[in-house]
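Observations on the three-dimensional arrangement
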Amino acid sequence: MTEQAFFKKMVDNLVDFADHDPELKDGLRWVDAEAQKKGLSFYDMVYQILYKHDMAVRAKEWIDNK
């Protein structure tokens with residue numbers, strides 16, 4: 001399985017799980033709306049959000065270790 005296919009499957013599982021978690025479902029609706037505003041696919045928007053979060057965490061760790 002390619003990394004892209006694995007990522008899409010992971011996101012699809014998250015969407016399926018959202019049926020049991022109203023807060024997650026609302027968050028995914030927001031992500032979908034933002035993706036549409038920006039002309040991105042839902043998967044690309046999720047990737048951007050996760051990437052941005054990861055970079056923020058790494059930056060904070062770097063600053064804390066200085």
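For the structure, check the block above.
Read on for an overview of the structure. (Residues numbered from 1 in each chain as written. Predicted model: local features only at pLDDT ≥ 70, side-chain atom pairs only at ≥ 80, totals over all residues. Heavy atoms only, no water.)

Section: the overall build of the protein
- Along the backbone of the protein there are three helices and zero strands.
- Seen in sequence order, the protein has helices and strands lined up from the N terminus as α-α-α.
- Its C-alpha radius of gyration of 14 Å places the protein more than 25% over the 11 Å reference for a compact globule of 66 residues.
- Referenced to the eigenvectors of the C-alpha coordinate spread, the extents of the protein come out at roughly 40 × 30 × 25 Å.
- Classification of the 66 residues of the protein by burial places 15% in the buried group.
- Intrachain contacts of the protein at a sequence separation of at least 6 include 31% that bridge at least 24 residues.
- With an accessible surface of roughly 5,600 Å², the protein has 57% of that area assigned to carbon and sulfur atoms. (Helix = DSSP H or I, 4+ residues; strand = E, 2+ residues; numbered from the N terminus. Rg over C-alpha atoms; globule rule 2.2 N^0.38 Å. Buried < 20%, exposed > 50% of the residue type's maximum accessible area, 1.4 Å probe, protein only. Contact = heavy atoms within 4.5 Å. Areas by Shrake-Rupley, 256 points an atom, 1.4 Å probe, with all protein chains shown as cover.)

Overview of the packing of helix α1 (residues 3-17) against helix α3 (residues 42-64)
- In the contact formed by α1 and α3, the axes pass within 11 Å of each other and the chain directions differ by 95°. Compared by their axis directions, α1 and α3 come out roughly perpendicular. Contact with α1, carried on its side by Phe7, Lys8, Val11, Asp12 and Val15, involves Phe42, Tyr43, Val46, Tyr47 and Leu50 of α3 and no other residues of that element.
- Per-class residue counts for the contact of α1 with α3 are eight nonpolar, no polar and two charged. (Axes fitted to C-alpha atoms, helices over the stretch in contact; angles between N-to-C directions. Parallel < 35°, antiparallel > 145°, perpendicular 65-115°, else oblique. Nonpolar A, V, L, I, M, F, W, Y, C, P; charged D, E, K, R; others polar.)

Looking at the packing of aromatic side chains
- Enumeration over the complete set of coordinates arrives at three aromatic pairs.
- Look at phenylalanine 7 and tyrosine 47: their rings are 5.8 Å apart centre to centre, the planes differ by 85°, and that puts the pair in the edge-to-face class. With phenylalanine 7 in helix α1 and tyrosine 47 in helix α3, this residue pair connects regions lying 40 residues apart in the sequence.
- Tyrosine 47 gets classed as partly exposed once you look at its relative accessible area, which sits at 47%. (Phe/Tyr/Trp six-rings, centres within 6.5 Å; stacked < 30°, edge-to-face > 60°.)

That's the geometry; what it means functionally is another story.
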